[in-house]
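Per-entry structural report
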Amino acid sequence: LTYAVQSTIDALSLGSLYALLALGIALIFGIMQLINFAHGELIMVSGYVLFFMVKAGLPWLLIVPAVLVTGVLLAMAMDRLAFRTVRGADASTLLVTSFAVSYLLQNVALMTVSSRPKAVALPAFFSQSFVAGGLRIAKLDVINVVVTVVLLVALGAFLRRTRIGVQMRAAAEDFQMARVLGVRANRVVATAFALSGLLAGIASFLLVMQTATLTPTMGVNAVIVAFIATVIGGMGRLGGAVIGGFVLGILTVALQAYLPEGLVAYRDAFVFTGVIASLVIRPDGLLVSRTARKRI
Amino acid sequence: MRSTPALAVLCLAVLSTIALPGAAAGSPSQSRANSPIVIGAAVALSGGFEVADIPTLNATKLAIAEVNAKGGVLGRQLKLVVSDTQSQPAPGAKAALEVISKGAQIVLVSSDFDFGSPAALQAEGKGVISFSAAGTSPKFGPGGIGPLSFTMASVGTVEGATDAEFAYKHLHLRRAFEFIDTSMDFTQEVAFGFENRFPQLAGKRGIVKRATFLQTDPSIANQITQFKTANPKPQFIFISSIQPGVAKAIRQIRAAGITVPIVGTDDLDGTDWLPAVPNLSNVYFPAYISFLGDDSNSKVNAYVERYKKKFGSSTLKAYGVTGYDIVTAYVRAVKTAGTTDPKKVAKALERFRNVPLLTGPTTFTSKLHDQLLRPMTVMGITKGKDHFVTKWKLAKAPPIK
């Protein structure tokens, strides 16, 4: 039983992280049909900012906001410099643009900070654990889950209660119609990028706390996982992305925990079989966006 | 994801060799008595693998400068020509051709089979010796690339077998838990060495459980849960992985409150990953030497001092010494052969029996150009600091995977 409970904690922790990553992808996709593969590089750049600030011995009160601001500013810069010019273009054009931005940033990182992995010296607090009811729980697992839940609630409130939030939801439903009704496209898209940058900054934080290690390609896998989670959940639905993230996290941990020893090395093959099965049964994802199907 | 571009570059590599037949016409003549002997290096100066190749290349430079200061070999000086492989197969093959066209009689290739083999294959085709510094694969040799291909490393299984013997005989531990990174050949090779040797010593039940993970896993929480719930309770952890994954894994293991000894691969070598796990203790790994000045071989300590003087300590890695030893071994073989003719030099190298190099007594045979019984240096990490523990000679040769 201990094993099952402990595994559940592992799954929730991983699921929260995946959900955060997926949310960043889904926010942008919902509004402008762009799968932003450069989202991973937002995470990477935020991570390096964290690294250099820690190395310079700056106080955490300064580091935390700086890392988050980096994510936000870089995301907005991406929108302004790369994506605004191709907005409304074919989905494949958008996709290629996002790959270009992603490779560009990775290579800039390779040239400037080198491929040598960087290790961040973090306060011991983040690598401690406590015992509760016979279980040893890493503090970071709790932080992961709490941060994700708080962010989900906050984001939900933002989208429902604020004017720009409502406009974003309208734009996600039907971008053209929203524009016709007076929603300003640039503002909505910029806000979406800023929010996804904020999520990337936070995800970067959690990821670095977990691993304390940085490489120029650290964001690549994160964004692929996020993309898959978004697809499972239903493209264009924020709730779907969150559910997709948790489903993927839980599935991964469950397979890791219960696959027989000879098969566990092929865990990811089973995970993706599960993903395919889920798409066969529900091709539009677990939560279907109301606008996903063309009505003729 | 990687297969498509890799295939494309491979095609390019093949094309480029067809397109450049005149670039390197056979092995260059050895008759120019006073011209320098050219040592080529087709290694990564950029891209992802540069981190691994720079330490060995620096050590090679140091060795060449020292040989030249003593008057060279056969009355000739050594000259290094370098070409960048950009950490990719196609430019790797081209880089080898470039240095051969500049007269290289021996080509240093990257310290990994995937990165180094394209260049080594070109050298083999041109009848030139190729030497990987720290590439563990025995395919660098007659069983793989060919009779002119060598490596200064030890076979990967040696590391796993060393971990097994050290844990059993020196630390007196009997029950192991494995964390195996299945992302690459090297880590599975090391794991094979451990899985072969440890049960021979501790019995079939010696390995309590085997958990696998990947470099890309953001969290190995569940593998850690498996450790915690393993029955009987494991006494130590064997982890086979490379950087940065291994640093991430050890951080998470220690964060979960697991303090048992950890034995790992030589990729724990170097100090730049240590800040990731504050105040780390009770970790051991096999390395080629100790670069901390506390090696039991005083010649190694003197080498480390000379390296630091020339290059500083930021690129100081234990495995870098293999780049130094390549030059020492080559010079010795050229002296014995009395010529730089690659085939004769290769034959002279194959007569090496426990030749004392900095990495230890080194042997090449006509079947294996890789080390099976050269002792490795077991290093320990205590309170966040590396230190020499002992030289470890295996009781018997490990298998080759």
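This report concerns the structure included in the present document. Bear in mind the structure is a predicted one, so any value in this text is a computation, not a measurement. (Residues numbered from 1 in each chain as written. Chains lettered and ligands numbered in written order. Predicted model: local features only at pLDDT ≥ 70, side-chain atom pairs only at ≥ 80, totals over all residues. Heavy atoms only, no water.)

**Section: the interface of chain A and chain B**
In many analyses, interface size is given as the accessible surface area lost on bringing the parts together. Counting from both sides, the interface comprises 37 residues of chain A and, opposite them, 37 residues of chain B. Buried surface at the junction of chain A and chain B, both sides included, amounts to about 3100 Å², of which 56% is carbon and sulfur. Taken together, the connections running from chain A to chain B amount to two salt bridges. If you look at where chain A meets chain B, you find 14 residue pairs in polar contact (both at pLDDT 80 or more). Counting residues per element, the side of chain A that touches chain B draws most heavily on helix H1 (residues 2-32) of chain A, at seven residues. Residues that form the side of chain A that touches chain B fall into these classes: 18 nonpolar, 13 polar and six charged. (Contact = heavy atoms within 4.5 Å. Buried area = accessible area lost by both parts, 1.4 Å probe. Salt bridge = Lys/Arg side-chain N within 4 Å of Asp/Glu carboxyl O. Polar contact = N/O pair within 3.5 Å; in protein donor to acceptor, adjacent residues only side chain to side chain. Helix = DSSP H or I, 4+ residues; strand = E, 2+ residues; numbered from the N terminus. Nonpolar A, V, L, I, M, F, W, Y, C, P; charged D, E, K, R; others polar.)

**Notes on the side chain of Ser196 of chain A**
Residue and element names in this part refer to chain A. Relative to the helices and strands, Ser196 is located in helix H8 (residues 185-211). Residue class for Ser196 comes out buried when judged on its relative accessible area of 0%. A polar side-chain atom of Ser196 sits 3.1 Å from the main-chain carbonyl oxygen of Phe193. Setting aside chain neighbours within four positions, we find Ser196 in contact with Gly24, Leu27, Ile28, His39, Leu42 and Ala75. (Buried < 20%, exposed > 50% of the residue type's maximum accessible area, 1.4 Å probe, protein only.)

**Points about empty space enclosed by the protein**
Taken as a whole, this structure holds three cavities of 30 Å³ or more when the rule is applied. Of the volumes computed, that of the largest cavity is approximately 230 Å³. Every residue lining the largest cavity is counted, 22 residues in all, and those nearest its centre are Ala138 and Asp141 of chain A together with Ala221, Gln252 and Ala256 of chain B. Counting residues per element, the ones that place at least two in the lining of the largest cavity are H1, strand S3 (135-138), helix H5 (139-161) and H8 of chain A together with helix H7 (221-228) and helix H8 (245-255) of chain B. The biggest single contributor to the lining of the largest cavity is H7 of chain B, with four residues. A per-class count over the lining of the largest cavity returns 10 nonpolar, seven polar and five charged. Within this model, the second largest cavity holds a volume of roughly 50 Å³. The set of elements that each furnish at least two residues to the lining of the second largest cavity consists of helix H11 (267-281) of chain A together with strand S7 (207-213) of chain B. (1 Å grid on protein atoms, 1.4 Å probe; cavity = no way out; pocket = protein on both sides within 12 Å on 5 of 7 lines; lining within 4 Å. Points joined across faces, edges and corners; volume = space filled by probe spheres on them.)

Keep in mind that these numbers describe shape and distance, not what the molecule does.
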